[in-house]
Structure formats: C-alpha cells, structure tokens
Amino acid sequence: MRATGRILLVVHLLTVGLLMLWPRAVPWVPEANVEPLATIGAALARGPWAAVCDLGVPLLMLAPLGVLLPLAAGRLNVSPVLSLLHTVGAGGLLALVLEALQGSVPGRVPDIDTLLLNVLGVALAHLAVVPGARARLRRRAEDLRGPTPKITRVGPLPKADVLSASRTYL
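Since the structure is predicted, the reported quantities are computational estimates derived from the model, not experimental observations.

Draft legend 1. Broad picture of the overall build of the chain. Helix and strand counts for the chain stand at six helices and zero strands. Within the chain, residue pairs in contact and separated by at least 24 positions form 79% of the contacts whose partners lie at least 6 positions apart. Working note: accessible area of the chain is about 12,100 Å², and carbon and sulfur atoms make up 70% of it.

What follows is the structure, encoded as structure tokens:
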C-alpha cells in the first residue's frame, strides 16, 4: 500500500503542478489578492452556482493529498491529531510554494483565498477518510493475527531442591 500511495502521490503532484503552473494566454490578469476572504466573498455574492464553481476547484485541487500523504507514509498506529497536523502542514506548504511560483508564470496570479481553500480541502479529505480507514485496517490486521493467547495464572512454585543429589553438604 505504501508503494501505491507514493506512486499516486507523485502522479497527483505532477498533475497539479502542470495545471497550476501552465502559462495562460489571456489579454489581462487581475492583480494578486492578498486580502483573506475577498475572493470567497466575491464568489458568494455572484450566487450559489458561481460560488460552487469558483470555490470548488481550489477546494478539490489538493484535497487528495489529505489521503495520499498518510497512505504514502503507511503507518497505522499514529495519533489522529498528529496525523492531521502533519498532513495539513505538508499540504499548506505545498500550496504556499505553488502560489508563490504562480507569481512568475504568465497569466497566473497568486491568491491567498486559493491557498486557504487548498488547505481546507486537504484537512476535510483527511478527516473524512483517514481515521476510518486506519481503524478498519487495524481491525483487519488484528483479525489476521488471530486472538491474543491467554496465559492461565500459575501460582508460586513450591520450594524444592531441584539439584539435591548433586550438592555436597559439609
């Protein structure tokens, strides 16, 4: 599973990098948005369908990282909180790098709201899938091992001189 997770992670990152950093031929581009929630508010003001279209793409763009990063790590017995923090942190750093690189690509502008939605997508995907999948995989691993053997209690051994024939007494 770990190898499959790593392969899927590399394919996803290459696809996202290609989509987000491919130059666009447009007559004009808006200025970079550094005010949090400005783009989100504008999308919500245009109506529900425009909001779904405008906000859904950045929300879903990096969301698979919420599942693929823990899958690539391949650990079952991990604290859910630490797993979430590590995954969201790595997704946030990747989103930050992609947004910073977009500033140098023709036709692309960085947007703080895209960064926020990318990180939110990673967190939601992680919370929706990873804890349940890990619990199911742990149960399956325990079922394959079988029940834990029970050892019956044994009282203290009686005092016995096991090697009495070989001892010499003075």
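Draft legend 2. Examining the nonpolar core more closely. Counting residues in each nonpolar core, the largest one holds 12 residues, listed as L9, V16, M20, M61, L62, L65, L68, A72, A95, L98, L115 and V122. Elements represented by at least two residues in this core include exactly α1 (2-21), α4 (65-73), α5 (80-102) and α6 (112-145). Ignoring any residue separated from it by four or fewer positions in sequence, one finds L65 in contact with L9, H12, L13, P70, T87, G91, L94 and V122. One finds I40, A43, L55 and L117 within the second-largest nonpolar core, a separate group that totals five residues.

Draft legend 3. Inspection of the side chain of H126 at higher detail. Within the fold, H126 resides in helix α6. Among the residues examined, H126 registers a relative accessible area of 2% and is labelled buried. Setting aside chain neighbours within four positions, we find H126 in contact with G66, P70, P80, S83, L84, T87 and P131.

Draft legend 4. Structural detail: a nonpolar patch on the surface. On the surface, a cluster of nonpolar side chains totalling about 300 Å² of accessible area is made up of V81, L82 and L85. Within the element layout of this structure, L85 appears in helix α5. Under the relative-accessibility criterion, L85 is labelled exposed at 54%.

Draft legend 5. Examining α4 more closely. Turning to α4, its buried residues number three or more, namely L65, G66, L68, P70 and A72. In the core, the buried residues of α4 are packed alongside α1, α5 and α6. Downstream of α4 by a residue or two, G74 has a phi angle that is positive, lying close to 75°.

Draft legend 6. Representation of the environment of V67 within the structure. Counting through the fold element by element, V67 comes out in helix α4. A sequence separation of 58 residues divides V67 from L9, and the C-alpha atoms of the two residues are 9.3 Å apart. Setting aside residues no more than four positions away along its own chain, V67 makes contact with A125, V129 and V130.

Draft legend 7. The arrangement of the packing of α1 against α5 in detail. The contact between α1 and α5 brings their axes to 10 Å, and the two run at 30°. With respect to their mutual orientation, α1 and α5 come out roughly parallel. Regarding α1 and α5, the two cross each other, and that crossing is right-handed. Residues L13, V16, G17, M20 and L21 of α1 pack against L94, L98, E99, L101 and Q102 of α5. Split into classes, the residues belonging to the contact of α1 with α5 amount to seven nonpolar, two polar and one charged.

Draft legend 8. Representation of unusual backbone geometry in the model. Backbone geometry at L37 places phi at a positive 70°, although glycine is not the residue there. The residue L37 is located in the loop between α1 and α2 (38-45) in this model.

Draft legend 9. Seen up close, the environment of L115. Considering the arrangement of structural elements, one finds L115 in helix α6. Along the sequence, L115 and G91 sit 24 residues apart, while their C-alpha atoms lie 9.7 Å from each other. Those residues in contact with L115 that lie beyond four places of it in its chain are G92, A95, L96 and E99.

Draft legend 10. Representation of α1. The terminal C-alpha atoms of α1, which comprises 20 residues, lie 28 Å apart, in line with the 28 Å expected from a rise of 1.5 Å per residue. Listed in full, the buried residues belonging to α1 are G5, L9, H12, V16, G17 and M20. One side of α1 holds all its buried residues, which, seen down the axis, span an arc of 130°. The outward face of α1, more than 90 degrees from its buried face, is lined by the exposed residues A3, I7 and L14.

About the cut-offs
Residues numbered from 1 in each chain as written. Predicted model: local features only at pLDDT ≥ 70, side-chain atom pairs only at ≥ 80, totals over all residues. Heavy atoms only, no water. Helix = DSSP H or I, 4+ residues; strand = E, 2+ residues; numbered from the N terminus. Contact = heavy atoms within 4.5 Å. Areas by Shrake-Rupley, 256 points an atom, 1.4 Å probe, with all protein chains shown as cover. Core = buried A, V, L, I, M, F, W, Y, C linked by side-chain atoms within 4.5 Å. Buried < 20%, exposed > 50% of the residue type's maximum accessible area, 1.4 Å probe, protein only. Patch = residues over 30% accessible without salt bridge, like charges linked within 9 Å, V, L, I, M, F, W, Y side chains within 5 Å. Salt bridge = Lys/Arg side-chain N within 4 Å of Asp/Glu carboxyl O. Axes fitted to C-alpha atoms, helices over the stretch in contact; angles between N-to-C directions. Parallel < 35°, antiparallel > 145°, perpendicular 65-115°, else oblique. Left-handed = near helix turned anticlockwise from the far one by under 90°. Nonpolar A, V, L, I, M, F, W, Y, C, P; charged D, E, K, R; others polar. Expected span 1.5 Å × (residues − 1). Arc of directions from axis to C-beta.

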